[in-house]
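What follows is each chain in one-letter form.
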Amino acid sequence: AGAEKPNMIFILADDLGYGDLGCYGQKVIQTPRLDQMAAEGMRFTQFYAGNTVCAPSRSVLMTGQHMGHTFVRGNANTDMSIQALRDEDVTVAEVLKTAGYTNGLVGKWGLGEVDNEGFPLQQGFDSFFGYLNQVHAHNYYPEFLWSGDQKLKLRNKVKRNDKSYGGFTGGYATKRIDYSHDLFVEQAADFINQQQATDDPFFLYLALTIPHANNEATRMMGNGAEVPDYGIYADRDWSDQDKGQAAMITRMDGDVGRILDQLRKLKIAENTLVFFSSDNGPHDEAGHNLDRFDPNGPLQGIKRALYEGGIRVPGIAWWPGTVPAGSTTDHIAYFGDWMATATELAGATPPGDLDSISFAPTLMAQPDRQKRHEFLYWEFYEQGSRQAVRFDQFKAIRQPMFTGEVELYDVDQDISESNNIAADHPEIVAKATKMMDDSHQPNPNWEIRGRAPKR
Ligand SMILES: Cc1cc(=O)oc2cc(OS(=O)(=O)O)ccc12
């Protein structure tokens, strides 16, 4: 069995912060199953998302190219074609297919619609169940979900907001029966059962939508934390929004645990790598109180920041018998590394022109074989543009892109990025400046604006 190609499951949480899990220091929200997953596997202390919002982060995960390079550089609001992968973009699913993998996508895609090249069944996935459009995905009780290219009608009734996205408007449900997250967990379990009965290895990309806010519900009624029940938080002396936010995370935690239980029960745990992470830092968009949960832990900033709180995320690897139990690593890795990691484990040949270093040696406790990035790079265009690089013990940020002043932090000593040391280290600033200048490849869809964002 050890010579078999491993199954791989990438479980992505949506807007879950570096400090949202007990195993990363969370004190209020209960996450016993993810804590147990970390205790049975490996916890990355320096794992980075592809970007600080959903779509571009997922573009990096799928293509193995960093933000200055991957096609989808931001969330789009009207022209969805700029938020869709093209035929020429090679996804990790497409490469795994060449190595005999069956690929399933369950949950939120955000990188293409049913009528364009980014549609997941044209990007290497054999099956798809979930949301294509991210605004659709805001709504946890939608009127339909996609099953392949077909709309599967659900029993919910939705009251719509007035803002339109390509002919659709988001909203919140007045009749709440089918909770999309629960359907995703069922579909994932079905996919695993079906694949286990075949000889082919599988890749399951389980892109959960929890604990993202339903932003339309927040706008329309002040509470975007949509969850069927408040679970263990029902009797707390908290706002409904706070109960909902905590209940979403604990619900997700239990479901991740059930998936691991299923793998054990099917006796495929020892041939299945499960990797858990989040697409970006925590949001403050459900009407809840960030101070109650401290979701970014010691980091500065949340979703939409390029400070660590926007991009450093949980990263937990679980593969009983291969990934050492109870281990932690400070290896600096990011979403773009999934391409090299998955293709190495599959024995597949990755495409050229990547920004991807396999962290398989770290997973397999072969640190001598582990290659390191010279640096990691991000760029971001909302609310004024900005860039960041992470290298050695440093983090540099330049806002706006190209024209702004470079800030420099020693994140080993100063994880909260509170002490800008740029003035003391002109030579390191020059090095970081060159990294940022060289990493950006122009993309006509994303305009570099000169306005500096608010800190
Ligand atoms: C923005 C958007 C895109 C889409 O493809 O489908 C939607 C469907 C919606 O109705 S719901 O299913 O009732 O939530 C609402 C919004 C969207």
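Residues numbered from 1 in each chain as written. Predicted model: local features only at pLDDT ≥ 70, side-chain atom pairs only at ≥ 80, totals over all residues. Heavy atoms only, no water.

Before going further, it helps to examine the overall build of the chain. Each helix and strand counted, the chain has twelve helices and 17 strands in total. Taken over the C-alpha trace, the chain has a radius of gyration of 21 Å; the compact-globule value for 455 residues is 23 Å, and the two agree within 12%. Along the first, second and third principal axes, the C-alpha set of the chain runs to 60 × 55 × 45 Å. Summed over its atoms, the accessible surface of the chain is roughly 16,900 Å², and 47% of this surface lies on carbon and sulfur atoms. Here the chain contributes 43 positive and 62 negative side-chain charges, whose respective centroids are spaced 4 Å apart. (Helix = DSSP H or I, 4+ residues; strand = E, 2+ residues; numbered from the N terminus. Rg over C-alpha atoms; globule rule 2.2 N^0.38 Å. Areas by Shrake-Rupley, 256 points an atom, 1.4 Å probe, with all protein chains shown as cover. Lys, Arg positive; Asp, Glu negative; His and termini not counted. Charge placed at Lys NZ, Arg CZ, Asp CG, Glu CD.)

Time to look at the site of the ligand. In the vicinity of the ligand, the residues found are Asn-133, Val-135, His-136, Asn-139, Pro-142, Glu-143, Phe-144, Val-158, Arg-160, Tyr-165, Phe-168 and Thr-169. Side-chain polar atom of Asn-139 to an oxygen atom of the ligand: 3.1 Å apart, as the coordinates give it. When the free accessible area of the ligand is taken as 400 Å², the share hidden by the protein chains comes to 98%. Only helix H4 (134–138), strand E7 (157–165) and strand E8 (168–175) provide two or more residues apiece to the shell around the ligand. Per element, the largest residue contribution to the shell around the ligand is three residues, and it comes from E7. (Near = heavy atom within 4 Å. Polar contact = N/O pair within 3.5 Å; in protein donor to acceptor, adjacent residues only side chain to side chain.)

Summed over the entire model, instances satisfying the criterion amount to 30 aromatic pairs. Judged by centre distance (5.5 Å) and plane angle (35 degrees), the rings of Phe-10 and Phe-275 are tilted. Separated by 265 residues along the polypeptide, Phe-10 in strand E1 (residues 7–13) and Phe-275 in strand E10 (residues 272–278) bring together distant segments of the chain. Ring centres of Phe-47 and Phe-275 lie 5.0 Å apart, and the angle between their planes is 50 degrees; this geometry places the pair in the tilted category. Note that Phe-47 is positioned in strand E2 (residues 42–48) and Phe-275 in strand E10, a separation of 228 residues in sequence. Accessibility classification places Phe-47 together with Phe-275 in one group, the buried group. Linked through ring pairs, Phe-10, Phe-44, Phe-47, Trp-109, Phe-125, Phe-203, Tyr-205, Phe-275, Phe-335, Trp-338 and Phe-359 together constitute an aromatic cluster. Directly above the aromatic system of Tyr-24 lies the positively charged group of Arg-43, at a separation of 4.8 Å from the ring centroid. One cation-aromatic arrangement involves Lys-151 over Phe-144; the distance from NZ or CZ to the ring centre is 4.7 Å. (Phe/Tyr/Trp six-rings, centres within 6.5 Å; stacked < 30°, edge-to-face > 60°. Buried < 20%, exposed > 50% of the residue type's maximum accessible area, 1.4 Å probe, protein only. Lys NZ or Arg CZ within 6 Å of the ring centre and 35° of its normal.)

Judged from the six bridges that link them, E7 and E8 form a sheet pairing that is antiparallel. When the sheet's bridge partners are listed, Ser-164 is paired in E8 with Thr-169. Joining the antiparallel neighbours E7 and E8 is a turn of two residues, in which Gly-166 adopts a positive phi near 55 degrees. (Pairing = 2+ DSSP bridges.)

Turning our attention to the nonpolar core. One finds Met-8, Phe-44, Met-62, Trp-109, Phe-203, Tyr-205 and Trp-338 to be the most contacted residues of the largest nonpolar core, which totals 65 residues. Among the elements that make up this core, the one with the highest residue count is helix H10 (residues 337–346) (five residues). Every residue in contact with Met-62, bar those within four places of it in the chain, is listed here: Leu-85, Val-90, Thr-91, Val-92, Trp-109, Leu-111, Phe-125, Tyr-205 and Met-339. Residues Ala-13, Leu-145, Ile-192 and Phe-276 belong to the second largest nonpolar core, which totals 56 residues. (Core = buried A, V, L, I, M, F, W, Y, C linked by side-chain atoms within 4.5 Å. Contact = heavy atoms within 4.5 Å.)

This brings us to unusual backbone geometry. Residues Ile-210 and Pro-211 are joined by a peptide bond in cis, for which omega reads 0 degrees. Position of Pro-211 among the secondary structure elements: in the loop between strand E9 (202–207) and helix H6 (215–221). In this structure, the amide linkage connecting Gln-399 to the following residue, Pro-400, adopts the cis form with an omega of 0 degrees. Summarising the element assignment, Pro-400 is placed in the loop between strand E16 (394–399) and strand E17 (405–410). For Asp-353, which is not a glycine, the phi torsion comes out positive at approximately 60 degrees. In this structure, Asp-353 sits in the loop between H10 and helix H11 (360–363).

Where helix H1 (residues 32–40) meets helix H7 (residues 240–265), the closest approach of the two axes is 7 Å, and the angle between their N-to-C directions is 45 degrees. When the interaxial angle is binned, H1 and H7 end up oblique. Residues Pro-32, Arg-33, Leu-34, Met-37 and Glu-40 of H1 touch H7, and the partners they reach there are Met-252, Asp-253, Gly-254, Val-256, Gly-257, Arg-258, Leu-260, Asp-261 and Arg-264. Tallied by class, residues from the contact of H1 with H7 come to six nonpolar, two polar and six charged. (Axes fitted to C-alpha atoms, helices over the stretch in contact; angles between N-to-C directions. Parallel < 35°, antiparallel > 145°, perpendicular 65-115°, else oblique. Nonpolar A, V, L, I, M, F, W, Y, C, P; charged D, E, K, R; others polar.)

Here we come to empty space enclosed by the protein. For the coordinates displayed, the defined rule picks out one cavity of 30 Å³ or more. Taken as a whole, the largest cavity holds about 40 Å³ of empty space. The wall of the largest cavity is formed by Asp-15, Asp-20, Ile-29, Gln-245, Pro-282, His-283, His-288, Leu-290, Phe-293 and Pro-295. Of the residues assigned to the lining of the largest cavity, the class counts are five nonpolar, three polar and two charged. (1 Å grid on protein atoms, 1.4 Å probe; cavity = no way out; pocket = protein on both sides within 12 Å on 5 of 7 lines; lining within 4 Å. Points joined across faces, edges and corners; volume = space filled by probe spheres on them.)

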